[in-house]
Amino acid sequence: MPLQFFPDEPLASPEFISQIEQELQLSFPSDYRQFLLEHNGGVVWPDHLNNEHSDDEWEHTWIERFSSMQDVLFAYRYDAYNWLTELIKEDEADKYAIDLNKLLVIARCVRGDFLLYLGKEDYGWVYFANYGDGQGFNRTSYASFDSLLQSLKPRDEGDTLPINIEDKIFELQWFWADSQIHFDRFEELLKAYGGDPN
């Protein structure tokens with residue numbers, strides 16, 4: 001089934017992506033960069049990873065939303081994923097020979113988060129973190145962003161596109177950091193949905 005994307009925000013220009021790469025001091029793989037240029041995050045359908053031959057948690061979840069470049073920039077500037085980074089460093093710093101500072105959260109799932117590794121060792125590899133259900137931090141079988149996309153399928157046979165796709169502005173985590181709401185980010189999202197921040 002062909003993937004359908006429902007972006008939340010304006011598409012990212014090559015200049016904007018390069019600006020973020022420079023600020024983060026990271027370089028995005030070509031497949032992820034192309035995704036940002038064409039969709040810039042948002043909801044995807046089908047959204048499910050359901051590998052009946054695997055017991056791994058990340059093979060049985062579904063993606064709620066991909067991060068936009070604006071999300072990535074917000075998370076970096078306000079250290080919105082500090083709690084997750086600290087958990088990984090505290091519990092699993094020696095599990096993989098990678099630089100944990102070069103992990104980028106690219107998608108939020110119903111359980112856990114997908115992260116893209118942008119260091120030398122496993123450049124472009126997808127990792128998964130889920131501390132809510134005790135799964136911890138794991139290297140997935142997806143060696144690239146494209147391989148993650150290609151693994152998406154309907155949740156059940158005969159599933160159709162959900163009628164209601166929840167608006168991002170009702171999901172607090174996209175503009176919450178430092179134990180507070182960042183209204184500038186909320187207003188940016190509201191404007192993207194055609195609302196008037198005034």
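Shown above is the structure to which this text applies.
Treat the numbers as computed from the prediction; the structure is a model and nothing was measured. (Residues numbered from 1 in each chain as written. Predicted model: local features only at pLDDT ≥ 70, side-chain atom pairs only at ≥ 80, totals over all residues. Heavy atoms only, no water.)

A regular strand places its side chains so that they alternate between the two faces of the sheet. With five of five residues buried, strand E6 (residues 113-117) is to be regarded as a mostly interior element. Residues Asp113, Leu115 and Tyr117 of E6 are buried on one face, and the alternating residues Phe114 and Leu116, pointing to the opposite face, are buried as well. The antiparallel hairpin formed by strand E5 (residues 103-109) and E6 contains three residues in its connecting segment, where Gly112 sits at a positive phi of about 95°. As judged from the four bridges shared by E6 and strand E7 (residues 126-130), these two strands associate in the antiparallel manner. For Asp113, the partnering residue across the bridge sits in E7 and is Ala129. (Buried < 20%, exposed > 50% of the residue type's maximum accessible area, 1.4 Å probe, protein only. Helix = DSSP H or I, 4+ residues; strand = E, 2+ residues; numbered from the N terminus. Pairing = 2+ DSSP bridges.)

When its volume is computed, the largest pocket comes out at roughly 500 Å³. Lining the largest pocket are 20 residues, with Tyr76, Asp79, Thr85, Asn101 and Leu103 positioned closest to its centre. Those elements giving two or more residues to the lining of the largest pocket turn out to be helix H3 (69-78), helix H4 (82-92) and E5. Per-element tally for the lining of the largest pocket: the top contributor is H4, with four residues. Across the lining of the largest pocket, the residue classes break down as 14 nonpolar, four polar and two charged. (1 Å grid on protein atoms, 1.4 Å probe; cavity = no way out; pocket = protein on both sides within 12 Å on 5 of 7 lines; lining within 4 Å. Points joined across faces, edges and corners; volume = space filled by probe spheres on them. Nonpolar A, V, L, I, M, F, W, Y, C, P; charged D, E, K, R; others polar.)

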